[in-house]
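Observations on the three-dimensional arrangement
These are the residues of each chain, in order.
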Amino acid sequence: MKKNKETQDQKLVVMIPAYNEERTIGQVIKEIPRKIPGISEVLVLVIDDGCTDKTVEVAIKAGANIIIHHKMNKGLAPSFRDGLEASLKIGAGIIVNTDADFQYDQREIPNLIKPIQDHKADLVLSYRDIFNLDHMPLSKKIGNKIATKVTQIASNYPVIDGQSGYRAFSREAALKMNVMSNYTYVQETIIQAVNKGLCIKQVPCAFRKRQGKSRLISNVLSYARNGAGIILRTYRDYSPLKVFVLGGSVFLFVSAAIGFVVLKHFITTGMLTPYHGRALLSTLFGMTGIMIMVFGLLADMIRTQRMMLEDALYRLKKMKFGEDATD
Ligand SMILES: Nc1nc2c(ncn2[C@@H]2O[C@H](COP(=O)(O)OP(=O)(O)O)[C@@H](O)[C@H]2O)c(=O)[nH]1
Ligand SMILES: [Mg+2]
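Residues numbered from 1 in each chain as written. Chains lettered and ligands numbered in written order. Predicted model: local features only at pLDDT ≥ 70, side-chain atom pairs only at ≥ 80, totals over all residues. Heavy atoms only, no water.

**Description of the coordination of the magnesium ion (ligand 2)**
- Looking at the magnesium ion (ligand 2), one finds its protein donor set to be D101 (OD) and Q103 (OE1), positioned 1.9 to 2.1 Å from the metal centre.
- The class of D101 is buried, set by a relative accessible area of 5%.
- Overall, Q103 belongs to the buried group, its relative accessible area being 9%. (Donors = N, O, S within 2.8 Å, 3.2 Å for Na, K, Ca; no water. Buried < 20%, exposed > 50% of the residue type's maximum accessible area, 1.4 Å probe, protein only.)

The following block contains the structure:
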């Protein structure tokens, strides 16, 4: 009976990417519940992304179990990627990602992982009540809403808060994630999860005022530029036909609008004169449109390759962690 219970209970790894967070990381780690129903063990993993302050010392003192070091600052997304990999390696059944700045309330972890424990989700996203957070500047609130809307369109999933990093992944979801960006992982992981057919649930969460300055967002505009680039690239990678057909159609439409008169004139008179200029322009737009569509077909073939590569990678990771890679 005991053995059966043990096999059912999963190991939880709470991973914390951190860049110079000595002020708050201790509070974060101390707040993490170490006993949760249905969880055999809670381990805290800190990703020290080239910290130059006392983050690591404070984290160890507060009870961190594993620390991964980057010799220099690599960025949030690479830290997240390494954190997931390390969590899988130490046998995590569920992985929670949280921030080191004490903005999220770690006492909510049982609530965050519940849908995974109940086999109702592979990925649980938390969402904040953005417009009722008095401490959040208006520019950030608006930025959040715009980025969330774009993520909704790109993922075709009604995400409520696309920027919240407080999330729980099942082992299966973590094995399937291939984060490619070097800046932030938040939008890319949602788009990937939807495209890989993972089941997503959303739960509300609290969000405290940040102590100290944001490490990630020095200004909202550069965050928006970087974030938009990541979303567009991920969308292009997973839905290339839609992107290229849309782009090509715009050119073909302009070509038709310009060339309509020329074609009509040519059919009735058999001549291009006096519409040579229009004819040239229409041809140019038409050719460009067709070229973009052909790129779309090529990109779609690359997408098929990517899907196969991702499946191979998934099986490879399973083999690496000593699991059955045949299912
Ligand atoms: N590993 C790593 N973590 C980072 C980096 N930049 C930000 N973070 C962490 O990512 C989390 C969110 O960053 P934060 O500055 O709070 O962003 P904001 O809340 O969106 O303004 C915090 O735990 C940061 O320590 C980075 O370059 N590397
Ligand atoms: Mg923060």
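**Brief notes about the sheet that holds strand β7 (residues 200–204)**
- With mixed pairing, the 7 strands of this open sheet are ordered in space as β3-β2-β1-β4-β6-β5-β7. Of all strands in the sheet, those bounded by a partner on one side alone are β3 (66–70) and β7. Averaged over all neighbouring strand pairs, the angle between strand axes comes to 20°, with direction disregarded.
- In this sheet, strand β6 (residues 167–170) lies alongside strand β4 (residues 94–97) in antiparallel orientation, the contact comprising 4 bridges. Paired with I94 across the bridge in β6 is S170. (Pairing = 2+ DSSP bridges. Helix = DSSP H or I, 4+ residues; strand = E, 2+ residues; numbered from the N terminus. Axes fitted to C-alpha atoms, helices over the stretch in contact; angles between N-to-C directions.)

**Describing empty space enclosed by the protein**
- One pass over the structure, following the stated rule, counts 1 cavity of 30 Å³ or more.
- By volume, the largest cavity amounts to about 40 Å³.
- If you trace the largest cavity, you find it lined by E108, N111, L112, S126, Y166, V203, P204 and C205.
- Broken down by secondary-structure element, the contributors of at least two residues to the lining of the largest cavity are α5 (109–117) and β7. (1 Å grid on protein atoms, 1.4 Å probe; cavity = no way out; pocket = protein on both sides within 12 Å on 5 of 7 lines; lining within 4 Å. Points joined across faces, edges and corners; volume = space filled by probe spheres on them.)

**Here we look at helix α9 (residues 220–238)**
- The terminal C-alpha atoms of α9, which comprises 19 residues, lie 27 Å apart, in line with the 27 Å expected from a rise of 1.5 Å per residue.
- Those residues of α9 that are buried lie in contact with α6 (138–155), α8 (186–195), α10 (240–269) and α11 (276–320). (Expected span 1.5 Å × (residues − 1). Contact = heavy atoms within 4.5 Å.)

**A closer look at the domain arrangement of the protein**
- We note that the domain assignment places domain 1 (2–235) and domain 2 (240–320) within the protein.
- Placing the centre of domain 1 and that of domain 2 at their C-alpha centroids yields a distance of 39 Å.
- Taken together, the contact between domain 1 and domain 2 spans 11 residues of the former and 10 residues of the latter.
- Interface area lost by domain 1 to domain 2 is led by L175, N178 and Y235, which between them contribute 54%.
- Counting across the interface, domain 1 meets domain 2 through 2 salt bridges.
- Between K196 and E310 there is a salt bridge; the shortest N-O distance is 2.7 Å.
- At 4 residues, the largest contribution of residues to the side of domain 1 that touches domain 2 is made by helix α7 (residues 171–176).
- Grouping the amino acids of the side of domain 1 that touches domain 2 by side-chain chemistry returns 5 nonpolar, 2 polar and 4 charged. (Domains from an automatic or database assignment. Buried area = accessible area lost by both parts, 1.4 Å probe. Salt bridge = Lys/Arg side-chain N within 4 Å of Asp/Glu carboxyl O. Nonpolar A, V, L, I, M, F, W, Y, C, P; charged D, E, K, R; others polar.)

**Brief notes about the site of ligand 1**
- Around ligand 1 lies a shell of 19 residues, among which E21, D49, D101, S214 and R215 are the nearest.
- Within the backbone of A100, a nitrogen or oxygen atom sits 2.7 Å from an oxygen atom of ligand 1.
- S214 is positioned such that a nitrogen or oxygen atom in its side chain is 2.6 Å from an oxygen atom of ligand 1.
- A majority-of-atoms criterion places ligand 1 in the largest pocket.
- Counting only elements with at least two residues in the shell around ligand 1, the list comes to β1 (10–18) and α4 (76–89). (Near = heavy atom within 4 Å. Polar contact = N/O pair within 3.5 Å; in protein donor to acceptor, adjacent residues only side chain to side chain. Sits in = over half its atoms within 2 Å of the grid points.)

**Examining the packing of α6 against α9**
- In the contact formed by α6 and α9, the axes pass within 10 Å of each other and the chain directions differ by 5°. In terms of orientation, α6 and α9 fall into the roughly parallel class. In this structure, α6 contributes S139, A147, V150, T151, I153 and A154 to the contact, and α9 contributes V220, I231 and Y235.
- Tallied by class, the residues present in the contact of α6 with α9 amount to 7 nonpolar, 2 polar and no charged. (Parallel < 35°, antiparallel > 145°, perpendicular 65-115°, else oblique.)

**Overview of the packing of aromatic side chains**
- Tallying each qualifying case throughout the model produces 6 aromatic pairs.
- For the ring pair F80 and F169, a centre distance of 5.7 Å and an interplane angle of 55° mean the geometry is tilted. Of this pair, F80 sits in helix α4 while F169 sits in strand β6, placing them 89 residues apart in sequence. Note on accessibility: F80 and F169 belong to one class, buried.
- Judged by centre distance (5.1 Å) and plane angle (55°), the ring pair of Y104 and F207 falls under tilted. With Y104 in the loop between β4 and α5 and F207 in the loop between β7 and α9, the pair connects residues that are 103 residues apart, well separated along the chain.
- These aromatic residues form a ring-pair network of at least three members: F80, F169 and Y185.
- Over the face of the ring belonging to F207 we find R128, whose NZ or CZ atom lies 4.5 Å from the ring centre.
- It is K176 that lies over the ring of Y314; its NZ or CZ is 5.0 Å from the centre. (Phe/Tyr/Trp six-rings, centres within 6.5 Å; stacked < 30°, edge-to-face > 60°. Lys NZ or Arg CZ within 6 Å of the ring centre and 35° of its normal.)

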